[in-house]
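Survey of secondary and tertiary structure
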Amino acid sequence: MSFQIPRGTQDILPSEVEKWQYIEQVARDICRRYNYQEIRTPIFEHTELFLRSVGDTTDIVQKEMYTFEDRGGRSITLRPEGTAAVVRSFVENKMYGSPNQPVKLYYMGPMFRYERPQSGRFRQFVQFGVEALGSNDPAIDAEVIALAMEVYQSLGLKKLKLVINSLGDAESRKAHRQALIDHFKGRIDELCEDCQSRLEKNPMRILDCKKDRDHELMATAPSILDYLNEESRAYFEKVQIYLSKLGVDFEVDSRLVRGLDYYNHTAFEIMSNAEGFGAITTLCGGGRYNGLVQEIGGPETPGVGFALSIERLLAALEAEGISLPLIGGIDCYVVALGEKAKDESVVLVNALRKAGIVAEKDYQDRKVKAQLKAADRLQAKYVAILGDDELEKQVINIKNMTTGEQTEVPLDSFVSYVKEALQ
Ligand code: HAM
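Residues numbered from 1 in each chain as written. Predicted model: local features only at pLDDT ≥ 70, side-chain atom pairs only at ≥ 80, totals over all residues. Heavy atoms only, no water.

Re the layout of surface pockets
For clarity, the cut-off: Computed over the protein atoms alone on a 1 Å grid, cavities are sets of points where a 1.4 Å probe fits but cannot get out and pockets are open sets with protein on both sides within 12 Å along at least five of seven lines; a residue lines them when it has an atom within 4 Å of a point. Grid points are joined across faces, edges and corners, and a volume is the space filled by probe spheres set on the points. Runs of H or I in DSSP of at least four residues are treated as helices and runs of E of at least two as strands, each being numbered from the N terminus. The classification used treats Ala, Val, Leu, Ile, Met, Phe, Trp, Tyr, Cys and Pro as nonpolar, Asp, Glu, Lys and Arg as charged, and all other residues, Gly among them, as polar.
In this model, the second largest pocket occupies a volume close to 550 Å³. In terms of lining residues, the second largest pocket is bounded by 21 residues, among which Ala 170, Asn 264, Asn 290, Gly 291 and Leu 292 are the most central. Counting residues per element, the ones that place at least two in the lining of the second largest pocket are helix 2 (47-53), helix 6 (170-185), helix 9 (230-245), strand 9 (264-272) and helix 10 (292-295). When its residues are assigned to classes, the lining of the second largest pocket shows six nonpolar, seven polar and eight charged.

Written as structure tokens, this is what we have:
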């Protein structure tokens with residue numbers, strides 16, 4: 001019997017994992033500079049959390065969640081996104097009481113959505129996201145967007161498009177909602193079943209329909225921007241002013257609605273417009289969610305954030321032909337010939353490692369030639385060769401693999417020699 005990986009998931013093999021670690025480190029460094037702190041929440045949560053936050057008319061909740069009953073009869077869901085859990089934790093741990101407001105958090109980890117797998121769309125994918133809770137300042141919306149852009153740009157991506165929109169406050173949305181119902185009502189039977197069932201419950205979701213996105217009713221649907229009240233309009237303008245001050249280019253697209261229900265005011269997405277990038281071009285999505293903390297049982301607290309997946313980021317890097325400056329290779333390979341030398345090589349490699357040097361030796365009982373080949377494959381910067389003769393004389397031969405230069409050094413200064421040579 002042989003096993004295969006489940007559809008929509010992937011193994012990240014050692015040859016790829018370095019890229020992931022590099023990207024994760026870049027994201028962490030940027031979060032540190034912007035003063036966002038890491039939070040780690042469970043992989044699964046009570047299902048109700050996502051119904052409440054993501055919204056029960058969204059595709060995520062209706063079609064994509066991995067939901068199961070645990071042995072205690074509770075309904076559990078593998079998290080499809082990170083915001084709901086962060087807000088749950090914010091409320092549960094009373095972070096709203098912290099003197100440091102806004103509370104600025106980031107997270108990195110796997111999310112699960114039962115979607116149709118295709119290029120850039122997985123059933124398990126890794127999101128990096130940030131959430132800033134507790135501030136209603138449009139400057140924090142701009143900060144969050146700038147942070148996302150900085151992650152991409154510091155990795156060398158250039159072909160990016162930032163699209164922003166405002167979904168307005170509750171009052172603006174109410175007016176827009178009625179306009180949408182009036183717009184679609186007469187011809188709703190031309191749209192799919194999902195759209196029909198969403199007409200009264202959540203007409204904005206119709207604009208996010210994957211099936212009917214090209215229907216003429218979509219293009220002519222009333223724009224939210226025409227329904228913003230004074231306050232929402234002023235807020236959106238301020239976000240744009242701050243983005244400009246931060247030197248972040250953007251486009252306004254009044255049809256950007258996002259696939260989750262908790263948003264209001266600012267909504268944004270970052271796309272790749274690199275040639276050859278797959279059909280799914282959205283790299284990152286986020287926005288403001290001022291009612292969410294209250295919905296989850298906390299005090300009225302504004303929030304804004306985004307999430308991006310590492311999978312799509314990697315795809316964008318590939319589309320732009322960018323290779324990351326990975327270090328790779330090892331510092332020193334110890335080649336041993338002879339029984340005594342072999343025993344000594346165990347000690348030498350250990351001493352190198354203890355001194356902070358990336359070291360390797362042979363464990364396959366290879367001949368010298370094959371050991372040298374192994375060192376080559378590992379891109380060793382130095383190869384140290386120890387035979388029983390050298391051991392007798394208490395010396396070791398060190399070859400600099402870049403210059404080809406060879407030096408014999410006393411065994412007791414071997415580690416310090418390699419350490420110095422590497423500097
Ligand atoms: P989202 O738009 O559902 O938003 O997902 C954010 C990002 O996750 C997408 O732009 C994409 O990069 C990635 N993503 C989503 N689904 C998949 C998939 N099946 N395969 C690979 N990548 C995927 C959220 O999740 C919100 N929680 C974002 C947010 C945070 N809003 C406020 N704070």
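Here the narrative resumes.
Observations regarding unusual backbone geometry
Between Gln 101 and Pro 102 the backbone carries a cis peptide bond, its omega angle lying at -5°. Secondary-structure assignment places Pro 102 in the loop between helix 4 (83-92) and strand 5 (103-112). Even without a glycine there, the phi angle at Asn 35 is positive, about 65°. Mapped onto the fold, Asn 35 is located in the loop between helix 1 (14-33) and strand 1 (37-38).

Quick look at the nonpolar core
This is how it is decided: By nonpolar core is meant a set of buried Ala, Val, Leu, Ile, Met, Phe, Trp, Tyr and Cys residues that side-chain atoms within 4.5 Å join together. A simple rule labels every residue: compare its accessible area, found with a 1.4 Å probe on the protein chains alone, to the largest value its type can have, and call it buried under 20%, exposed over 50%, or partly exposed in between. Any two residues whose heavy atoms approach within 4.5 Å are treated as being in contact.
In terms of nonpolar packing, the biggest core is built from 98 residues, with Tyr 36, Phe 128, Phe 184 and Phe 306 touching the most fellow members. Of all the elements, helix 5 (residues 138-154) adds the most residues to this core, at 10 residues. If sequence neighbours within four positions are ignored, Tyr 36 has contacts with Cys 31, Lys 104, Leu 105, Tyr 106, Val 130, Glu 131, Ala 132, Ile 140, Glu 143, Val 144 and Leu 147. Judged by nonpolar contacts, the second largest core, of 19 residues, contains Val 334, Leu 348, Leu 391 and Leu 411.

Section: the pattern of salt bridges
Formally: A pair is scored as a salt bridge if a Lys or Arg side-chain nitrogen falls within 4 Å of a carboxyl oxygen belonging to Asp or Glu.
Taken as a whole and assessed by the stated rule, the structure comprises 28 salt bridges. Of the charged contacts, one joins Arg 52 and Glu 295 as a salt bridge, the two residues approaching to 3.9 Å between their closest N and O atoms. One end of the pair, Arg 52, is in helix 2; the other, Glu 295, is in helix 10, and 243 residues separate them in sequence. Judged by its relative accessible area of 45%, Arg 52 is partly exposed. Taken together, the salt bridges that share partners define one network made up of Asp 59, Lys 63, Glu 64, Asp 194, Arg 198 and Lys 210.

Topic: the side chain of Ser 309
Rules: Throughout this description, a polar contact denotes any pair of N or O atoms lying within 3.5 Å of each other; where both atoms belong to protein, one of them has to be capable of donating a hydrogen while the other can accept it, and for residues adjacent in sequence the pair is counted only when both atoms sit in side chains.
As for its position among the elements, Ser 309 is in strand 11 (residues 303-309). The buried category is assigned to Ser 309, whose relative accessible area is 9%. Here Arg 312 takes part through its backbone nitrogen, which lies 3.3 Å from a polar atom of the side chain of Ser 309.

Quick look at the domain arrangement of the chain
Note the cut-off: As annotated, the domain borders come from an automatic or database domain assignment.
With domains assigned, the chain is organised as domain 1 (14-169 + 229-319) and domain 2 (332-422). Placing the centre of domain 1 and that of domain 2 at their C-alpha centroids yields a distance of 49 Å.

Section: the sheet that holds strand 1
Worth spelling out the cut-off: Two strands pair under a simple rule: DSSP has to find at least two bridges between them. For every element, the axis is a line fit to its C-alpha atoms; helices are fit only across the contacting stretch, and the angle between N-to-C directions ranges from 0 to 180 degrees.
Within the open sheet, the eight strands sit side by side as 1-5-6-11-10-9-7-8. Their pairing is mixed. Edge positions in the open sheet fall to strand 1 and strand 8 (251-252), since each of these has one partner strand only. Across the face of the sheet, helix 4 comes into contact with strand 5 and strand 6 (124-133) while running at roughly 45° to strand 6. Across the sheet, helix 5 touches strand 5, strand 6, strand 7 (160-166), strand 9, strand 10 (282-288) and strand 11, and the angle it forms with strand 11 is around 15°.

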